[in-house]
Amino acid sequence: MMLDIRNVHKSFDGKEILKGIDLQVNKGDVVAILGPSGSGKTTFLRCLNFLETADKGVMTFDGDEIDLAEASKTQIAAVRKKTAFVFQNYNLFLNKTVLQNVTLGLTLARKFPKDQARDIAVKALERVGMADRLDAYPGQLSGGQQQRVAIARGLAQSPEIIYFDEPTSALDPELIGEVLSVMRQLAEEGMTMLVVTHEMDFARNVSSKVLFMEGGYVIESGTSKEFFEHPKEARSREFIRTILEGRQ
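Counting restarts for each chain: residues are numbered from 1 in the order of the written sequence. Local features in this predicted model are restricted to residues whose pLDDT is 70 or higher, and side-chain atom pairs enter the listing and the counts only when it is 80 or higher, whereas totals over whole chains, interfaces and linings include all residues. Computation of side-chain values: all heavy atoms of the structure, hydrogens and water removed.

Enquirer: In this structure, what is going on with the pairing of strand β5 (residues 64-67)? I would like to understand it.
Expert: A regular strand places its side chains on the two faces of the sheet in alternate fashion. Bridge analysis of strand β4 (residues 56-61) against β5 gives 4 bridges, and the strand direction is antiparallel. What sits directly across from V58, in β5, is D67. In this scheme, strands are said to pair when DSSP sees at least two bridges between them. Think of it this way: any DSSP run of H or I at least four residues long counts as a helix, any run of E at least two long counts as a strand, and we number them from the N terminus. Linking β4 to β5, which pair antiparallel, is a turn of 2 residues; within it D62 sits at a positive phi near 50°.

Enquirer: Would you explain the side chain of E166 in this entry?
Expert: Mapping E166 onto the fold places it in the loop between β7 (161-165) and α6 (173-188). Exposed residues in this analysis have more than 50% of their type's maximum accessible area, buried residues have under 20%, and partly exposed residues fall in between, with area computed by a 1.4 Å probe over protein chains only. As used throughout, the charge tally considers Lys and Arg to be positive and Asp and Glu to be negative, leaving His and the chain termini uncounted. Whenever Lys or Arg places a side-chain nitrogen within 4 Å of a carboxyl oxygen from Asp or Glu, that contact is recorded as a salt bridge. Here E166 occupies a buried position and makes no salt bridge, while the nearest side chain of opposite charge, K41, is found at 4.6 Å. By the convention used here, residues are in contact when the closest approach between their heavy atoms is within 4.5 Å. Apart from the residues lying within four places of it in its own chain, the contact partners of E166 are K41, T42, Q88, V196 and H198.

Enquirer: How do you make sense of the environment of M1 when you look at a structure like this?
Expert: Residue position: M1 is located in the segment before β1 (3-12). Considered as a pair, M1 and K27 are 26 residues apart in the sequence and their alpha carbons are 7.0 Å apart.

Enquirer: Just to check I follow, could you spell out helix α1 (residues 41-48) for this structure?
Expert: For an α-helix the count is 3.6 residues per turn, leaving residues at separations of three or four pointing the same way. Counting buried residues along α1, 6 of its 8 residues qualify, which places the element largely inside the surrounding structure. Just downstream of α1, F50 is the residue with a positive phi angle, here 65°.

Enquirer: Could you clarify how one ought to interpret the pattern of salt bridges in this entry?
Expert: Here the idea is simple: oppositely charged side chains can pair when their charged atoms come close. The final tally for this structure, using the stated rule, is 9 salt bridges. The salt bridge involving D4 is made with R6; its shortest N-O contact spans 3.1 Å.

Enquirer: Is there a simple way to think about the sheet that holds strand β3 (residues 30-34) in this case?
Expert: Across a sheet, paired strands are connected by hydrogen bonds in the backbone, their directions being either parallel or antiparallel. Ordered by their spatial adjacency, 6 strands build an open sheet running β6-β7-β8-β3-β9-β10, and the pairing between neighbours is mixed. For this open sheet the edge positions go to β6 (83-86) and β10 (217-223), each flanked by a neighbour on one side alone. Averaged over neighbouring strand pairs, the angle between their axes works out to 15° when direction is ignored. Where β7 and strand β8 (residues 192-196) come together, 5 bridges link them in parallel fashion. Its bridge partner lying in β8, F164 is registered against V195. Structural elements are reduced to axes, namely lines fitted to C-alpha atoms, with helices fitted over the stretch in contact, and the angle between N-to-C directions of any two is expressed from 0 to 180 degrees.

Enquirer: How should I be thinking about the nonpolar core in this particular structure?
Expert: Grouped burial of nonpolar side chains is what soluble globular proteins tend to show. Counting residues in hydrophobic clusters, the biggest one holds 41 residues, and the most contacted among them are I151, F164 and L186. Those elements giving two or more residues to this core turn out to be β6, α3 (98-108), α4 (114-127), α5 (143-155), β7, α6 and β8. Element by element, the count of residues in this core is highest for α6, at 8 residues. Contacts of L186, omitting those with residues within four sequence positions, involve R127, I151, L155, I162, F164, M191 and M193. Residues L48, A71, V79 and F87 belong to the second largest nonpolar core, which totals 31 residues. The nonpolar core is taken to be a set of buried Ala, Val, Leu, Ile, Met, Phe, Trp, Tyr and Cys residues, with the residues joined through side-chain atoms within 4.5 Å.

On their own, these measurements won't tell you what the molecule is for.
In structure tokens, the structure reads:
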């Protein structure tokens, strides 16, 4: 098992957002984290990459056990070297070109020589279909293109896991497909991914596992096939029915 997460708790201003979340992830898994707004999905993902500090919980990553509430700077740095985080709103530097946005983490954080960083960045941008826009600035790109650059930035770090926080929710409907296509390609290549998403087709057809959350709890977890075809919990069945009815 690549990642084993146990009993994650998190509160903000006295309000408990996560109430004991567990998740097990194997290499190559694509885990869709589903649930209504406010269920704690994004907070959970951010705690795993230490963008938020959990109040309680243990993560075992590649055999190393880490207390999520008491992790040292060294432990956090080690986890972040193995992971990438793709944000809802891209988080690109607007005053940097596409190429500079992707190379910056390699040259600054990882001390790669500029030539090597450029080669890695170009290959990552090729994987997401953005190698022809190296000198463009984010303001010259569509939202879908910006998100593909953000994915390339993550890929350039050679992560073991990529965390996606609602990667298509800020996009116009006609641009969603290009981002999901890249994510589908990564899944086919065996990339391990945790994806907070409202895209049910992706969850059903691309993800291998589903974690369904509501009110800070895991309501149901299992394979995508089991969740969508034979949900065990009444709340899961209601959620799926509501989503399907919304399409009609």
